[in-house]
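Coordinate inspection notes
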Amino acid sequence: MFDVLTVVIILMFKALVIFLVRVFVGTQSLKKEGRTNLQLLENSLVREGKKNTLYMNKLNLIDQFHESLFNRLFKITREILLLQKLTLDEYP
């Protein structure tokens, strides 16, 4: 009924089908894992973006604070210098 060549071809065909099914299942599992990883990375990116915004706001606040401190320091220094100049001009 079946000769050896036919049996070999049928076995090769079955092996090919099994291989294709394994590749398909493996591809589907990798795709699912990839989607999960992508979602985790997107969530992480959103969190890091929020952290970055918060840190930038804090940094801007600190910069404004330092700028106001330096402005006050320069005003005080200028007033002291003007007072010293006035004192030295009045008493020769």
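Here, the structure is the one placed above.
Here is a short report on the structure shown in this document. If you're wondering where the values come from, they're calculated on a predicted model, not measured in any experiment. Along each chain, residue indices are assigned from 1 in the same order as the chain's sequence is written. Reporting in this predicted model follows two pLDDT cut-offs: at least 70 for local features of residues, and 80 or more for side-chain atom pairs to be given and counted; totals over whole chains, interfaces and linings ignore these cut-offs and use all residues. As a rule here, side-chain values come from all non-hydrogen atoms in the structure, and water together with hydrogens is ignored.

1. A closer look at the overall build of the protein chain
Stated formally: Only DSSP runs of H or I covering at least 4 residues are called helices, and only runs of E covering at least 2 are called strands; the numbering of each starts at the N terminus. What the globule rule says is 2.2 Å times the number of residues to the power 0.38, and the radius of gyration is computed from C-alpha atoms. Working definition: with a 1.4 Å probe on protein chains only, accessible area under 20% of the residue-type maximum means buried, over 50% means exposed, and in between means partly exposed. In this description, accessible areas are obtained by the Shrake-Rupley approach with a 1.4 Å probe, and a residue is regarded as covered only by the protein chains that are shown. Positive charges are assigned to Lys and Arg, negative charges to Asp and Glu, while His and the chain termini are left out of the count. By convention, the charge on Lys lies at NZ, on Arg at CZ, on Asp at CG and on Glu at CD.
Secondary structure assignment for the protein chain yields one helix and zero strands. In terms of overall dimensions, the protein chain is more spread out than a globule: its C-alpha atoms have a radius of gyration of 39 Å, far above the 12 Å expected for 92 residues. Referenced to the eigenvectors of the C-alpha coordinate spread, the extents of the protein chain come out at roughly 130 × 20 × 5 Å. A burial count over the protein chain gives 0% of its 92 residues as buried. For the protein chain, the exposed surface amounts to about 9200 Å²; the carbon and sulfur share of it is 69%. Where the 13 positive side-chain charges of the protein chain centre and where its 9 negative ones centre are 13 Å apart.

2. Let's talk about a nonpolar patch on the surface
We count it as follows: Excluding any residue in a salt bridge, patches collect residues exceeding 30% relative accessible area, merging like charges within 9 Å and nonpolar Val, Leu, Ile, Met, Phe, Trp and Tyr side chains within 5 Å. Note on definitions: salt bridges are taken to be side-chain nitrogens of Lys or Arg within 4 Å of carboxyl oxygens of Asp or Glu.
Together, Phe13, Leu16, Val17, Phe19, Leu20, Val21, Val23, Phe24 and Val25 make up an exposed nonpolar region whose accessible area comes to about 870 Å². When you line up the elements, Leu16 lands in helix α1 (residues 4-90).

3. Some words on the pattern of salt bridges
If you walk through the whole model with that rule in mind, you get one salt bridge. Notably, a salt bridge pairs Glu48 with Lys51, separated by 3.7 Å at the nearest N-O pair. Of this pair, Glu48 and Lys51 both sit in helix α1, three residues apart, roughly one helical turn.

4. Notes on the environment of Asn57
Checked against the element boundaries, Asn57 lands in helix α1. The spacing of Asn57 and Val4 is 53 residues in sequence and 78 Å in space, taken between C-alpha atoms.

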